[in-house]
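Listed here are the chains, written in short residue letters.
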Amino acid sequence: MWGSRMALRRLQKIAVAPLSVKEGITSKIQREMSTLQRVYVTRQIPPEGLRILKESGQVQFELWDSDDVPVSRAELLKKVKGVDGLLCVLTEKIDAELLDAAGPNLKVLSTMSVGFDHLSLDELKKRGIRVGYTPEVLTDAVAELTVALLLATSRRLIEATHEAKTGGWGTWRTLWLCGHELANSTVGILGLGRIGVAIAERLAPFKVKKFIYTDVAPRPELARAINAEYVSFDELAKQSDFLAVCCALTPETKEICNKELFSKMKNTSIFINTSRGGVVNQEDLYEALSTGQIAGAGLDVTVPEPLPTNHPLFTLKNCVILPHIASASYTTRNAMSALAANNLLLGLRGEPMIKELKL
Amino acid sequence: MKAVRKLMKVFITRRIPPEGMKILAAAEGCEVSQWDSDEPVPRSELLKGVEGAHGLLCLLSDKIDKEVLDAAGPNLKVISTMSVGFDHLVHSEIKKRGIRVGYTPDVLTDATAELTVALLLATSRRLPEGVEEVKSGGWSSWKPLWLCGYGLSGSTVGIVGLGRIGMAIAQRLLPFGVKRLLYSGRTAKTYAAEVNGEFVPLDTLASESDFIVVSCSLTPETQGMCDKAFFRKMKKTSIFINSSRGAVVNQEDLYEALSSGQIAAAGLDVTTPEPLPTNHPLLTLKNCVVLPHIGSATYSTRGIMSALAAQNLLGGLQGSDMPSELSL
């Protein structure tokens, strides 16, 4: 069976029990603990990170002990009072309200994600709070899932598994469930960073003819690694058989994938987004898919998350939606957890973090 | 006296993509009859349609055995199948009658390798489960360990049968960070060096691989090769993928292995039978992804296969070279 239940149980056995500031603690331990820095961890992060925090002997931490359910806003605002460090995941909005609630002790925020659109960077900078994040350790898993999603969309895997289960599968037929292949295609990347390059590296042996990209400016070193040509946004739309969105969500990229983009794309093209839902105008995407303006779309990120089950995009056979699982491999999530924990501890010691976000 | 041109009778067992039909229509001296449907030709119609035929263009769902060949009679010179697999053709009977055979290797290698990798990734990263959760309201928020899968990065991949398709699969998997590439088969291949392939016994492949991809042809030797003994050697965290032929796998043993946690998950593009009945136990497992044999299903590839099958047929009818002849 899937390792998740087994793995989770195994992992939970070695997971760390949080240090508790409850009764029964001797005054000696209380004195020792009062010199430890206080940390709040907003989710039951994978065991590697928790182990690192405990074994550091540097912090006492409280934990929202659920893997499933995010901490409520009210609980979060209560628990951050007076903490020196905060380790969060992408479901927590770190804004002025929260930072005010935390108070002046807060020196370090460590997020277990590469995206940071949930952080109010201005507010953090203003208060001199250092920020750690988790780029690079998740690049492989995200690139892998993006390619998985692209192929599932272009080769119609979800439609196909459904037909196999529901009796739509007759015998072998010559044009049934045909898709569009990568061989001889042009792949376009919107936002060429680490993840964009990793995606292109994985697509290359499928005999892609050409890689093109657009970005705020050319990225010659990254582009050289994958032999990609810098083009305008318009050209990216017109030339791409497969378009993968890999940019960060910023005020400039918000809803940049809208009817203007889709109307310029080929009607045989496939659109893939594993960056942030906010980069796409979902109504425009629905229009484009339902009218055949583009052939198909695969999304790992939406607005909101979760996407309500009655959303029109679910009615489309040519739209594949995943629940934001791009970095969801056991090794990767543990590596992110460990990195987030280490970033936090290093920041609290006033040392350079492994991965610090420049504010 | 006018010379009477002898017409070659051709029977096509299905509606095929237009690229192939165009070629046959343009050929002189061909009288083409066809089961003009997307659905398979009924047996009785097939036996009737082949009577007196010089050439037969068929699909992998048509069993070409003694009965069909007898019904066709002595005119039959060429069988052209629109597939690379030929386990549906009874070799001994065909060879005995001196009938030439055309098939469609190479042109479908890219599409099939692509689909196999798509299937592997969908299985290892749990895409169908993810889609189901999203549609049914199982997605509540981002969670650190929910729907985690096994990544290719740092893994050992084992390919059973490093032929054209096996090699193409290996090439596509390498950039995902595969650490070791093992393969098994009757003999070592020199071209395996291109993918740093290590030739190992099947047992070793079974026990050391994180991902196993079956890519061999179906023969008496490979029939039922992936059975209880095979699955027992595999790692609990391993992923099993078959896009070759269903009969290479013992499906009851696979069901046992999947449901008892002996292996993590499986992806199949081929089954026994095809279609797999909708009440088959494998279809009840969350960790089993079943596709309805769509390995070569891209518009461009099916069109090329159609054209190649037509050209093979004409070559056989004219007694000249076929672009892709199968030596029996």
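Basis of the calculations
Residues numbered from 1 in each chain as written. Chains lettered and ligands numbered in written order. Predicted model: local features only at pLDDT ≥ 70, side-chain atom pairs only at ≥ 80, totals over all residues. Heavy atoms only, no water. UniProt positions renumbered as here; feature names shortened; annotations may be inferred. Buried < 20%, exposed > 50% of the residue type's maximum accessible area, 1.4 Å probe, protein only. Helix = DSSP H or I, 4+ residues; strand = E, 2+ residues; numbered from the N terminus. Pairing = 2+ DSSP bridges. Right-handed = clockwise from strand over helix to strand, strands pointing away. Domains from an automatic or database assignment. Contact = heavy atoms within 4.5 Å. Buried area = accessible area lost by both parts, 1.4 Å probe. Salt bridge = Lys/Arg side-chain N within 4 Å of Asp/Glu carboxyl O. Polar contact = N/O pair within 3.5 Å; in protein donor to acceptor, adjacent residues only side chain to side chain.

- An unreviewed UniProt entry annotates chain B as Glyoxylate reductase/hydroxypyruvate reductase originating from Oryzias melastigma.
- UniProt, in its Sequence similarities (unreviewed entry) section for chain B, records the words "Belongs to the D-isomer specific 2-hydroxyacid dehydrogenase family."

- As recorded in an unreviewed UniProt entry, chain A goes by the name Glyoxylate reductase/hydroxypyruvate reductase, listed as coming from Oryzias melastigma.
- According to the UniProt record, the Sequence similarities (unreviewed entry) comment for chain A is "Belongs to the D-isomer specific 2-hydroxyacid dehydrogenase family."

**Examining the pairing of strand 11 (residues 265–268) of chain B**
All names here are of chain B.
(1) Moving on: Taking every second residue as pointing to the same face, both faces of strand 11 are buried, with Ala 265 and Gly 267 on one and Ala 266 and Leu 268 on the other.
(2) Moving on: Pairing of strand 10 (residues 239–242) with strand 11 involves four bridges; the strand directions are parallel. Across the sheet, residue Ile 239 finds its bridge partner in strand 11, namely Ala 265.
(3) Moving on: With helix 10 (residues 251–259) bridging strand 10 and its parallel neighbour strand 11, the resulting β-α-β unit is right-handed.
(4) Moving on: With three bridges connecting them, strand 11 and strand 12 (residues 288–290) associate as parallel partners. Each bridged residue has a counterpart across the sheet, and for Ala 266 the counterpart in strand 12 is Cys 288.

**Describing the domain arrangement of chain B**
Residue and element names in this part refer to chain B.
(1) Moving on: Its domain assignment divides chain B into domain 1 (8–105 + 299–326) and domain 2 (108–290).
(2) Moving on: Every contact between the two is made by nine residues of domain 1 and, on the other side, five residues of domain 2.
(3) Moving on: Carbon and sulfur atoms supply 61% of the area buried between domain 1 and domain 2, which totals about 660 Å² over both sides.
(4) Moving on: Put simply, domain 1 and domain 2 have one salt bridge between them.
(5) Moving on: We note a salt bridge from Arg 245 to Asp 87, for which the minimum N-O separation is 2.9 Å.
(6) Moving on: Connecting domain 1 to domain 2 are one residue pair in polar contact (both at pLDDT 80 or more).

**Quick word on the UniProt feature "domain: D-isomer specific 2-hydroxyacid dehydrogenase catalytic" (unreviewed entry) in chain A**
(1) Moving on: Sites flagged by UniProt as "domain: D-isomer specific 2-hydroxyacid dehydrogenase catalytic" (unreviewed entry) map to residues 39–356 of chain A.
(2) Moving on: Here residues 39–356 of chain A is 36% helix and 15% strand, with 18 Å between the C-alpha atoms at its ends.

**Overview of unusual backbone geometry**
(1) Moving on: In this chain, Val 303 of chain A is followed by Pro 304 of chain A through a cis amide linkage whose omega measures -10°.
(2) Moving on: Mapped onto the elements, Pro 304 of chain A comes out in the loop between strand 11 (296–299) and strand 12 (319–321).
(3) Moving on: A cis amide bond, omega -10°, links Thr 272 of chain B with the succeeding residue Pro 273 of chain B.
(4) Moving on: For Pro 273 of chain B, the location among the structural elements is in the loop between strand 11 and strand 12.
(5) Moving on: In this model, His 324 of chain A sits at a positive phi of 55°, which is unusual for a non-glycine residue.
(6) Moving on: Given a relative accessible area of 11%, His 324 of chain A falls into the buried group.

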